[in-house]
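Notes for the structure review
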Amino acid sequence: MKKIIRFCLALCLFASFGMSSLQANNTIPTTPLTTEQNSANPRTQELTQRLEQIRAMDKSQMSHSERKALRKEARQIKKAVGGGVYISAGALIVLLIVLILVL
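Predicted, not measured: the structure shown is a model, and the values here were computed from it.

Quick look at the overall build of the protein chain now. Helix and strand counts for the protein chain come out as 5 helices and 0 strands. Across the 103 residues that make up the protein chain, the buried fraction comes to 14%. Considering only intrachain contacts with a sequence separation of at least 6, the fraction spanning at least 24 residues in the protein chain is 50%. Put simply, the protein chain shows about 9,000 Å² of open surface, and 64% of that area lies on carbon and sulfur atoms.

Another point: the nonpolar core. Formed by Leu-47, Leu-51, Ile-54, Leu-70, Ala-74 and Ile-77, the largest nonpolar core amounts to 6 residues. Counting only elements with at least two residues in this core, the list comes to helix H3 (42-56) and helix H4 (64-81). Beyond its immediate chain neighbours, meaning those up to four positions away, Ala-74 contacts Leu-51 and Ile-54.

According to the stated counting rule, one finds 3 salt bridges in the structure shown. Where Arg-50 meets Glu-73, a salt bridge forms, and the shortest distance between an N and an O atom there is 2.9 Å. Taken together, the residues span a long stretch of sequence, with Arg-50 in helix H3 and Glu-73 in helix H4 at a distance of 23 residues.

This part takes up the packing of H3 against H4. H4 packs onto H3 with a crossing angle of 150° between their chain directions and a minimal axis gap of 10 Å. The way H3 lies across H4 gives a crossing that is left-handed. Contacts from Thr-44, Leu-47, Thr-48, Arg-50, Leu-51, Ile-54 and Arg-55 of H3 reach H4 at Leu-70, Glu-73, Ala-74, Ile-77, Lys-78, Ala-80 and Val-81. A per-class count over the contact of H3 with H4 returns 8 nonpolar, 2 polar and 4 charged.

This part is about H4. Over its 18 residues, H4 extends 26 Å from the first C-alpha to the last, a length consistent with the 26 Å expected when each residue adds 1.5 Å. All of the buried residues along H4 are Leu-70, Ala-74 and Ile-77. Taken around the axis of H4, the buried residues stretch over an arc of 60°, which confines them to a single face. Pointing more than 90 degrees away from the buried face of H4 are the exposed residues His-64, Ser-65, Lys-68, Lys-72, Arg-75, Gln-76, Lys-79 and Ala-80.

Caution applies to low-pLDDT parts of the model: their predicted coordinates are not meant to be read in detail. When pLDDT is averaged along the protein chain, the result is 76, and 68% of the positions lie at 70 or above. Put simply, helix H2 (residues 35-40) is where the protein chain has its lowest mean pLDDT, 56, and H4 is where it has its highest, 90. Overall, residues 21-29 carries pLDDT values under 50, and its contacts beyond four positions in sequence, including any with other chains, amount to 0 contacts.

Okay, a nonpolar patch on the surface next. Residues Ile-87, Leu-92, Leu-95, Leu-96, Val-98, Leu-99, Val-102 and Leu-103 make up a contiguous nonpolar surface patch of about 810 Å² in total accessible area. The topology assignment puts Ile-87 in the loop between H4 and helix H5 (89-102).

What counts as what
- Residues numbered from 1 in each chain as written.
- Predicted model: local features only at pLDDT ≥ 70, side-chain atom pairs only at ≥ 80, totals over all residues.
- Heavy atoms only, no water.
- Helix = DSSP H or I, 4+ residues; strand = E, 2+ residues; numbered from the N terminus.
- Buried < 20%, exposed > 50% of the residue type's maximum accessible area, 1.4 Å probe, protein only.
- Contact = heavy atoms within 4.5 Å.
- Areas by Shrake-Rupley, 256 points an atom, 1.4 Å probe, with all protein chains shown as cover.
- Core = buried A, V, L, I, M, F, W, Y, C linked by side-chain atoms within 4.5 Å.
- Salt bridge = Lys/Arg side-chain N within 4 Å of Asp/Glu carboxyl O.
- Axes fitted to C-alpha atoms, helices over the stretch in contact; angles between N-to-C directions.
- Left-handed = near helix turned anticlockwise from the far one by under 90°.
- Nonpolar A, V, L, I, M, F, W, Y, C, P; charged D, E, K, R; others polar.
- Expected span 1.5 Å × (residues − 1).
- Arc of directions from axis to C-beta.
- pLDDT = per-residue confidence, 0-100.
- Patch = residues over 30% accessible without salt bridge, like charges linked within 9 Å, V, L, I, M, F, W, Y side chains within 5 Å.

Okay, here's the thing in C-alpha cells:
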C-alpha cells in the first residue's frame, strides 16, 4: 500500500514538473535586476525620484484626467523598476509536496 501511495505522489510530482516546464517555454524569459543593479543604474534612480515626486504631489486640485495620467505614469515606473521574486504555481505545489514528505 505504501508503494502505491509513493508511486502516486511521484506521478503527481513529475506531472507538475512537466506542466510547469511546458508553460515556462511559452513565455519570454526575463531576468529582473537585483537591488545592487537597481541602485547602480542612474535611470532607475531618476525613475524612483519621479515616483516619489508623484506621491508627494497634492492631487486634490487636479482634474480627473490629470490624476489618471499620473496613475498611469506611476504604474509604468513601477513596472520599469521591477523587482520581486516570482514563483510558479507548479513549483509551489512541488515545494509543498516535498516539505510534506520530508516532515
